[in-house]
Amino acid sequence: MKRIVTVQDISCVGKCSLTVALPIISAMGAEAAVSPTAVLSTHTAFPSFTFCDLTKEIAPICEHWKSAGIDFDAIYTGYLGSFEQIELTEKLIADFKTEKTVVVVDPAMADGGKLYKGFTEAFAKRMGLLCGKADVIVPNITEASFMLGVPYVGEGYSEEYIKDMLVKLTELGCKTAVLTGVSFEEGKLGVMAYNSESGEYFSYFRERIPESYHGTGDVYASTFVGALMRGRSVEDALMVATDYTVECIKSTVKNSPDRKYGVNFEELVPYLVDRMDK
Ligand code: PXL
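Residues numbered from 1 in each chain as written. Predicted model: local features only at pLDDT ≥ 70, side-chain atom pairs only at ≥ 80, totals over all residues. Heavy atoms only, no water.

1. Digging into the overall build of the protein chain
Put simply, the rule reads: By definition, any uninterrupted DSSP run of H or I lasting at least four residues is a helix, any uninterrupted run of E lasting at least two residues is a strand, and each is numbered from the N terminus. Every radius of gyration here is taken over C-alpha atoms, with the globule rule written as 2.2 Å times N^0.38, N being the number of residues. Exposure classes here rest on a 1.4 Å probe applied to the protein chains alone. A residue is buried below 20% of its type maximum, exposed above 50%, and partly exposed in between. Contact definition: two residues touch when any of their heavy atoms are within 4.5 Å. When charges are counted, Lys and Arg contribute as positive and Asp and Glu as negative, whereas His and the chain ends are disregarded. Charged groups are reduced to one reference atom each: NZ for lysine, CZ for arginine, CG for aspartic acid, CD for glutamic acid.
Scanning the protein chain for helices and strands turns up nine helices and 11 strands. In summary, the protein chain has a C-alpha radius of gyration of 17 Å against a globular reference of 19 Å for 278 residues, a match within 12%. With respect to the principal axes defined by its C-alpha atoms, the protein chain has extents near 55 × 40 × 40 Å. Counting the 278 residues in the protein chain, one finds 52% classified as buried. The contacts in the protein chain between residues at least 6 apart in sequence include a share of 68% that link residues at least 24 apart. For the protein chain, the separation between the mean place of its 27 positive charges and that of its 38 negative charges on side chains is 2 Å.

2. Overview of the site of the ligand
Put simply, the rule is: Proximity is defined per residue: any heavy atom of the residue falling within 4 Å of a molecule or strand makes that residue near it. Polar contact criterion, stated in full: a pair of N or O atoms within 3.5 Å, where within protein one must be able to donate a hydrogen and the other to accept it, and residues adjacent in sequence count only if both atoms are side-chain atoms. Note on areas: Shrake-Rupley, 1.4 Å probe, and residue coverage restricted to the protein chains presented here. For this classification, Asp, Glu, Lys and Arg are treated as charged, while Ala, Val, Leu, Ile, Met, Phe, Trp, Tyr, Cys and Pro are nonpolar and the rest, including Gly, are polar.
Every residue lining the ligand is accounted for by Asp-9, Ser-11, Cys-16, Ser-17, Leu-40, His-43, Thr-44, Tyr-79, Tyr-116, His-214 and Asp-218. Asp-9 places a polar side-chain atom, nitrogen or oxygen, 2.8 Å from a nitrogen atom of the ligand. Contacts to the ligand include Thr-44, whose side-chain N or O atom sits 2.6 Å from an oxygen atom. Contact with the protein chains removes 98% of the 320 Å² of surface that the ligand exposes when unbound. Of the residues belonging to the shell around the ligand, the class tally is four nonpolar, five polar and two charged.

3. Quick word on the sheet that holds strand β5 (residues 102-105)
Test applied: A strand pair is defined by DSSP finding two or more bridges across the two strands.
Read across the sheet, nine strands follow the order β3-β2-β1-β4-β5-β8-β9-β10-β11 without closing on themselves; strand pairing throughout is mixed. The sheet is open, and its two edges are formed by β3 (51-53) and β11 (200-207), each paired on a single side. Bridge count for strand β9 (residues 176-182) against strand β10 (residues 188-195) is five bridges, and the pairing is antiparallel. Looking across to β10, one finds that Thr-176 is bridged to Asn-195.

4. What about the packing of aromatic side chains?
Counted only if it meets this: Two rings belonging to Phe, Tyr or Trp (six-membered ring only in the last case) form a pair when the distance between their centres is within 6.5 Å. Interplanar angles under 30 degrees mark stacking, angles over 60 mark edge-to-face geometry, and anything in between is tilted. Lysine and arginine charges are scored as sitting over a ring when NZ or CZ, respectively, is within 6 Å of the ring centre and within 35 degrees of the ring normal.
Within this structure, the stated rule accounts for 11 aromatic pairs. Of the aromatic side chains, those joined through ring pairs into one cluster are Tyr-79, Phe-83, Phe-119 and Phe-123. Geometry around Phe-96 places Lys-66 over its ring, the cationic atom sitting 4.6 Å from the centre. One residue, Lys-163, lies across the ring of Tyr-201, its end atom 4.9 Å from the ring centre.

5. Considering helix α2 (residues 55-67)
Let me state the cut-off plainly: Working note: the arc is built from the helix axis to C-beta atom directions.
Among the residues of α2, those classed as buried are Thr-55, Ile-58, Cys-62 and Trp-65. End-on, the buried residues of α2 take up no more than an arc of 60°, which puts them together on one face. Within α2, the exposed residues directed more than 90 degrees away from the buried face are Lys-56, Glu-63, His-64 and Ser-67. Considering only its buried residues, α2 is in contact with β1 (3-13), β2 (31-42), β3 and α3 (83-96). Gly-69 occupies a position one or two residues after α2 and carries a positive phi of about 70°.

6. Overview of the environment of Ile-24
If you trace the backbone, Ile-24 turns up in helix α1 (residues 17-27). What makes Ile-24 buried here is its relative accessible area of 0%. C-alpha separation for the pair Ile-24 and Leu-272, spaced 248 residues apart in sequence, amounts to 8.8 Å. Leave out the neighbours within four places in its chain, and Ile-24 touches Val-219, Ser-222, Thr-223, Tyr-244, Phe-265 and Leu-272.

This is how it looks when you write it as structure tokens:
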């Protein structure tokens with residue numbers, strides 16, 4: 001069985017980060033090992049929350065893994081709370097990346113034109129350097145804009161604009177850049193990717209559900225990594241992740257109006273398992 005290590009926080013309530021990554025990766029038939037970075041009572045979009053920093057645990061945990069001969073097929077990083085956590089994550093990548101390891105970085109730090117609470121433009125630039133250590137990165141357009149230091153333009157951009165942004169993202173050092181939440185046409189939303197080795201672009205769109213829920217980026221990234229571990233190509237894994245995320249939002253819109261609580265991805269686990277078996 002493939003073993004993924006995912007580096008991100010545990011937000012106890014408000015489905016995102018590890019409470020999403022663990023069940024989704026498990027349901028997809030891969031092992032989810034964790035490097036938890038912090039424990040929060042809720043994610044930071046709630047009006048208040050508790051926060052217990054686990055930064056000092058990261059290095060000893062990694063050292064133990066090394067001495068025990070543990071290895072990983074994928075390293076998947078999500079929300080990181082500080083410059084120091086980014087540095088430690090880079091060390092984890094340097095120490096555990098082998099020929100077989102796929103490194104996926106989701107620079108979870110912004111959406112809708114704004115950085116999440118507590119982040120700065122300097123932090124976003126630093127996250128850009130971590131992205132340079134990845135094989136694949138999966139930012140949304142807001143995160144990409146902050147990492148590249150360009151203004152967030154909202155919607156109404158051209159395909160050329162997105163293609164140019166993707167090329168610049170790969171110039172950070174990753175092989176493949178994916179932009180999520182891309183829309184060129186009313187009523188459609190999806191992803192566009194660029195493989196800097198082949199020079200090829202890929203895009204996939206579905207119907208736009210006019211609601212945005214917290215944690216969908218984490219659902220997306222977890223599903224993407226899970227599908228890669230099941231042997232799917234990057235393109236195929238992006239389609240699986242897009243379809244699952246869309247189905248989760250569709251199902252949630254019917255009965256859960258509070259967006260902070262995330263999507264009801266649990267209801268769609270049978271769909272995901274079925275989709276993986278096809
Ligand atoms: O879903 C991203 C995320 C993860 N973890 C924490 C967050 C957020 C987004 O706000 O606050 C703690």
